[in-house]
Amino acid sequence: GLETVRNKFTFMSLDDADRLSESLREDSRVLIVGAGLIGLKCAEGIAKYDRKITVVDLAPRILSSILDTEGAQIVQRHLEKKGLSFVLGHSVTNFAENKARLDDGEEIEFDILVLAVGVRPNTSLLSGIANIEKGIVVNDRSETSAPDIYAAGDCTQTMDVSSGASRIMALLPNAYMQGECAGVNMAGGNKSFGKAIPMNAIGFFGLHMITAGNYQIRI
């Protein structure tokens, strides 16, 4: 039912932000689907225009990709003091114009919808050519499984040294180090980059945090 929603926005570019800003009114009811980095930065940005913001996420906590339960609760309480409301542990099953129905039957009415979920890398260029899982799989030389083809950046899947898992880490520091590595090796040199870790520095309404590594305990 997403096609029935008139005022729906993504939040991935400055143009998106401008269009969203132009649509806001003081009494607008804004529903943001996604309590990750993009969704919550959007909420912070529009809070000065609007005080009726609800954030829905399937995960049981906000910022689930970078914070554990205790850390997420601290940030959530801070955001709630700024007027944000959260519905966590539930997903939207369908839309009907200005209503979102959740998986438990609850309905949320809104005037503006922001979609901040479902981003995935575009791997179509190497489809059927190189090994692709969630991203284009590369080794520590930024090589794909296809001979003489290299890949770097947000479209790739590489080893996370903090967890030992192969995963997508769409982060600028990793991307530029991968790019340098790929460029040197493509030019006939010999370089490796095997120290990719998830990391971030972000703040919401004056509450700042730095995250790095893996908070899951392996036994």
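Residue indices begin from 1 for each chain and proceed along its sequence in written order. Side-chain atom pairs in this predicted model are given and counted only at pLDDT of 80 or more, local residue features only at pLDDT of at least 70, and totals for whole chains, interfaces and linings cover all residues. Calculated side-chain values reflect all of the structure's heavy atoms, with hydrogen atoms and water omitted.

(A) Focus on the sheet that holds strand S9 (residues 136-137). Reading across the sheet, the 3 strands line up as S9-S10-S11 and stay open at both edges, with mixed pairing between neighbours. In this open sheet, the two edge strands, each paired with only one partner strand, are S9 and strand S11 (165-168). DSSP calls a pair of strands paired once it identifies at least 2 bridges connecting them. We count a stretch as a helix when DSSP gives it H or I for four or more residues in a row; a strand needs E for two or more, and each element gets its number in order from the N terminus. Alignment of S9 against strand S10 (residues 156-160), held across 2 bridges, turns out to be parallel. Counted as the bridge partner of Ile136 is Thr156 from S10.

(B) Looking closely at the nonpolar core. Here, the term nonpolar core denotes a set of buried Ala, Val, Leu, Ile, Met, Phe, Trp, Tyr and Cys residues that are joined through side-chain atoms within 4.5 Å. To sort residues, take the accessible area from a 1.4 Å probe on protein chains only and compare it with the maximum for the residue type: under 20% means buried, over 50% means exposed, and anything in between is partly exposed. By size, the foremost hydrophobic cluster in this structure holds 28 residues, and its most contacted members are Ile32, Leu40, Ile53, Ile62 and Leu63. For this core, the secondary structure elements donating two or more residues are strand S2 (29-33), helix H2 (37-46), strand S3 (52-57), helix H3 (69-81), strand S4 (84-88), strand S8 (112-115) and strand S12 (199-204). A total of 4 residues in this core trace back to one element, the largest contributor, which is H2. Leave out the neighbours within four places in its chain, and Ile62 touches Ala35, Leu40, Ala72, Val75, Gln76, Leu79, Phe86 and Leu88. With 11 residues, the next largest nonpolar core counts Val5, Val87, Ala100 and Leu113 among its residues. Residue contacts are counted whenever heavy atoms from the two residues lie within 4.5 Å of one another.

(C) Region of the structure containing helix H4 (residues 172-186). Residue count minus one, scaled by 1.5 Å, sets the expected span of a helix. Over its 15 residues, H4 runs 21 Å from end to end, which matches the ideal 21 Å to within 8%, given 1.5 Å per residue. Among the residues of H4, Asn174, Ala175, Gln178, Cys181, Ala182 and Asn185 are the ones counted as buried. Angularly, the buried residues of H4 cover 130° about the axis, an arc narrow enough to put them on a single face. Exposed residues lying more than 90 degrees from the buried face of H4 are Leu172 and Tyr176. Buried residues along H4 sit in contact with S10 and S12. Immediately beyond the C-terminal end of H4, within one or two residues, lies Gly188, with a positive phi of roughly 100°. Relevant arc is that of directions from the helix axis to the C-beta atoms, nothing else.

(D) Summary view of the packing of aromatic side chains. Aromatic contacts are taken between Phe, Tyr and Trp rings whose centres are within 6.5 Å, Trp giving its six-membered ring; a plane angle under 30 degrees counts as stacked, one over 60 as edge-to-face, and the others as tilted. In the structure shown here, the tally under the stated rule is 1 aromatic pair. Here the aromatic rings of Phe95 and Phe110 are separated by 6.2 Å at their centres, their planes lie at 85°, and the arrangement is edge-to-face. Of this pair, Phe95 sits in strand S5 (residues 92-96) while Phe110 sits in the loop between strand S7 (107-109) and S8, and the two are 15 residues apart along the sequence. Among the residues examined, Phe95 registers a relative accessible area of 13% and is labelled buried.

(E) Representation of the side chain of Asp160. Inspection of the secondary structure assignment puts Asp160 in strand S10. Using a relative accessible area of 0% as the deciding quantity, one classes Asp160 as buried. Any pair of nitrogen or oxygen atoms within 3.5 Å is treated as a polar contact; in protein, a donor-acceptor pairing is required on top of that, and neighbouring residues in sequence qualify only through side-chain atoms on both sides. A polar side-chain atom of Asp160 sits 3.0 Å from a polar atom in the side chain of Ser163. Apart from the residues lying within four places of it in its own chain, the contact partners of Asp160 are Ala165, Arg167, Met169, Ala196, Ile197 and Pro198.

(F) Fine view of a nonpolar patch on the surface. Patch membership needs two things, relative accessible area over 30% and no salt bridge, and members are linked within 9 Å if like-charged or within 5 Å if nonpolar (Val, Leu, Ile, Met, Phe, Trp, Tyr). For accessible areas, the Shrake-Rupley method is used with a probe of radius 1.4 Å. Any residue's cover is judged against the shown protein chains and nothing else. For this analysis, a salt bridge means a side-chain nitrogen from Lys or Arg found within 4 Å of a carboxyl oxygen belonging to Asp or Glu. A cluster of nonpolar residues, Met12, Ile38 and Val119, forms a patch on the protein surface that exposes about 280 Å² of accessible area. The topology assignment puts Ile38 in helix H2. A relative accessible area of 31% places Ile38 in the partly exposed class.

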